[in-house]
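Here are the chains, one letter per residue:
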Amino acid sequence: MERETVLQVNDLHLHFKTYSGVVQALRGVSFELKKGETLAIVGESGSGKSVTTKAITRLLSQNAMILRGSAMFKGTDLLSLPEPEISKIRGNQISLVFQDPLSALDPVMKIGRQITETLIINKKMPYKAAKEKALELMDSVGIPNPAKRFNEYPFQFSGGMRQRIVIAIALSCDPEILICDEPTTALDVTIQSQILDLIKAMQKKKDLSVIYITHDLGVVANVADRVCVMYAGKILEVGTVMDIFYNPRHPYTWSLLSSMPSLESKSEDKLMVIPGAPPNMLHPPSGDAFASRNRYAMKIDFEREPPLFKVSDTHYAATWLMHPNAPKFELPEELRARFADRMGGVVPPKGGAL
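Residues numbered from 1 in each chain as written. Predicted model: local features only at pLDDT ≥ 70, side-chain atom pairs only at ≥ 80, totals over all residues. Heavy atoms only, no water.

1. Quick look at the sheet that holds strand β4 (residues 64-73)
An order of β2-β1-β4-β5 is seen for the four strands of this open sheet, with the pairing classed as antiparallel. Each having just a single partner strand, β2 (21-34) and β5 (76-77) make up the two edges of the open sheet. Two strands pair when backbone bridges link them, and strand β1 (residues 5-18) and β4 are joined in this way by seven bridges, in the antiparallel orientation. In the strand pairing of β4, Val9 is matched with Ala71. Contacts from helix α1 (residues 49-57) reach β1, β2 and β4 within the one sheet, and its direction differs from that of β1 by about 105 degrees. (Pairing = 2+ DSSP bridges. Helix = DSSP H or I, 4+ residues; strand = E, 2+ residues; numbered from the N terminus. Contact = heavy atoms within 4.5 Å. Axes fitted to C-alpha atoms, helices over the stretch in contact; angles between N-to-C directions.)

2. Digging into empty space enclosed by the protein
Counted by the stated rule, this structure contains three cavities of 30 Å³ or more. One number sums up the size of the largest cavity: a volume of about 60 Å³. Around the largest cavity, the lining residues are Arg27, Tyr231, Lys234, Leu236, Gly287, Asp288, Ala289, Glu305, Pro306 and Ala318. Looking at the lining of the largest cavity, its residues break down into five nonpolar, one polar and four charged. (1 Å grid on protein atoms, 1.4 Å probe; cavity = no way out; pocket = protein on both sides within 12 Å on 5 of 7 lines; lining within 4 Å. Points joined across faces, edges and corners; volume = space filled by probe spheres on them. Nonpolar A, V, L, I, M, F, W, Y, C, P; charged D, E, K, R; others polar.)

3. Regarding the packing of aromatic side chains
The final tally for this structure, using the stated rule, is five aromatic pairs. Between the aromatic rings of Tyr252 and Phe290, the centroid separation amounts to 5.1 Å while the plane-to-plane angle is 65 degrees, which identifies the pairing as edge-to-face. Of the two residues, Tyr252 sits in helix α11 (residues 251-258) while Phe290 sits in the loop between α11 and β11 (309-312), which places them 38 residues apart along the sequence. Here Tyr252 falls in the buried class, since its relative accessible area comes to 0%. Residue Phe290 is classed as buried on the basis of its relative accessible area, which comes to 1%. One aromatic cluster is present, built from ring pairs that chain together Tyr231, Tyr252 and Phe290. Here the basic side chain of Arg149 rests over the ring of Phe157, its NZ or CZ set 4.1 Å away from the ring centre. (Phe/Tyr/Trp six-rings, centres within 6.5 Å; stacked < 30°, edge-to-face > 60°. Buried < 20%, exposed > 50% of the residue type's maximum accessible area, 1.4 Å probe, protein only. Lys NZ or Arg CZ within 6 Å of the ring centre and 35° of its normal.)

4. Some remarks on the packing of helix α4 (residues 111-123) against helix α5 (residues 127-140)
With their axes 9 Å apart at the nearest point, α4 and α5 run at an angle of 120 degrees to one another. Taken together, the axes of α4 and α5 are oblique relative to one another. The chirality of how α4 crosses α5 is right-handed. Contacts from Ile111, Ile115, Thr116, Leu119 and Ile120 of α4 reach α5 at Tyr127, Ala130, Lys131, Lys133, Ala134, Leu137 and Met138. (Parallel < 35°, antiparallel > 145°, perpendicular 65-115°, else oblique. Left-handed = near helix turned anticlockwise from the far one by under 90°.)

5. Observations concerning the pattern of salt bridges
Per the counting criterion, the structure on display carries 13 salt bridges. Salt-bridge contacts for Glu83 lead to Arg90; the nearest nitrogen and oxygen are separated by 2.8 Å. One salt bridge in this structure joins Glu305 and Lys234, with 2.9 Å as the shortest N-O distance. You can see Glu305 sitting in the loop between α11 and β11 and its partner Lys234 sitting in strand β10 (residues 234-240), a full 71 residues away along the chain. (Salt bridge = Lys/Arg side-chain N within 4 Å of Asp/Glu carboxyl O.)

6. A closer look at the sheet that holds strand β6 (residues 94-97)
The mixed open sheet is built from eight strands, whose spatial order is β6-β7-β8-β3-β9-β10-β12-β11. Each having just a single partner strand, β6 and β11 make up the two edges of the open sheet. Put simply, the sheet's adjacent strands are angled 20 degrees from each other on average, direction ignored. As defined by bridge partners, strand β3 (residues 38-42) adjoins strand β9 (residues 226-231) across four bridges and the pair is classed as parallel. Looking at the pairing, Ala40 lines up with Val227 of β9. Most of the contacts of helix α8 (residues 189-206) go to strand β8 (residues 209-214), to which it runs at about 160 degrees, and overall it touches β3, β7 (177-181) and β8. Of the strands in this sheet, β9 and β10 are in contact with α11, which crosses β9 at around 105 degrees.

7. Quick word on the layout of surface pockets
Quantified by volume, the largest pocket comes out at close to 520 Å³. If you trace the largest pocket, you find 15 residues lining it, with Gly91, Leu96, Phe98, Thr118 and Ile169 closest to the centre. For the lining of the largest pocket, the secondary structure elements donating two or more residues are β6, α4 and α7 (159-171). Ranked by residues supplied to the lining of the largest pocket, first place goes to α4 with five residues. For the lining of the largest pocket, the residue count by class is eight nonpolar, five polar and two charged. Considered as a void within the structure, the second largest pocket measures approximately 360 Å³ in volume. Lining the second largest pocket are 16 residues, with Glu32, Arg226, Val238, Thr314 and Tyr316 sitting closest to its centre. Going through the elements one at a time, β1, β2, β9 and β10 are the ones with two or more residues in the lining of the second largest pocket. When residues of the lining of the second largest pocket are assigned to their parent elements, the largest contribution, four residues, is made by β2.

What follows is the structure in structure tokens.
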């Protein structure tokens, strides 16, 4: 049985006016989010990951311009709503968890007040009921002795505990969609795992739909159902987590996977890097934006932008290498072996599959 679509983003174009010119941050972003699903959006810094979710929730700076596109949520286009209406949805039905909990929390306001304030404003709860709910939330996200810590300030909490508080605030109004923007970046590895496990547990308990924004492919492998790979303001590949990790088809996706260290890596081994730099979005290149960094680029990559080619019912990739007339190629053997080590011995097939 196919799950209900809770969010449908179509052809989203967004620019920023700057002193240097117009930055073309998003150039036709489209994706959907299903009920109870975890969708990861991955890519290098500046690829448009965070801007996409900020556009959906309308948390944009004044120099942002949405040129066209839609973000349909329960039959309503979030991009066309007036501010009073979107503010009723933001925090209530769509909540966010940011990467730096210290900046997300008010440093001079007690933790208990920050949680209860959300409930009082959005749910119109009386203070007594809001406090009871806040203590319940603090307990559910693993804050020990919530009655005592209710009256403490953010600086009295560790980084991991502050992130738990941010998650409690995000979940306080029982949202349908939770957007997590690099929620574990500022935390050490052990705490990262605890936070990811907490979000997964809350998702299962409340049947949440979750969007993860991250550049950490290890996080993606641990939490995601589907993955969108972004580069230069566009989605270059989308598929299930198995599609992306075991059968990537875009050279950029393959490069991201290749740059991950593996357990077999030795101290003297050099990490693989993606050559070159992302394009200047003041003047995006013609054709495939990744062409100048792509060792498999063909003449057409510099002239025409590729469409999303269908790999399977769940998997699409925007690369001319998927065209039936594209030449076949084989990855260098050492790269195929490195890929196999990372993917548990599964070697991508020769003759065109990345």
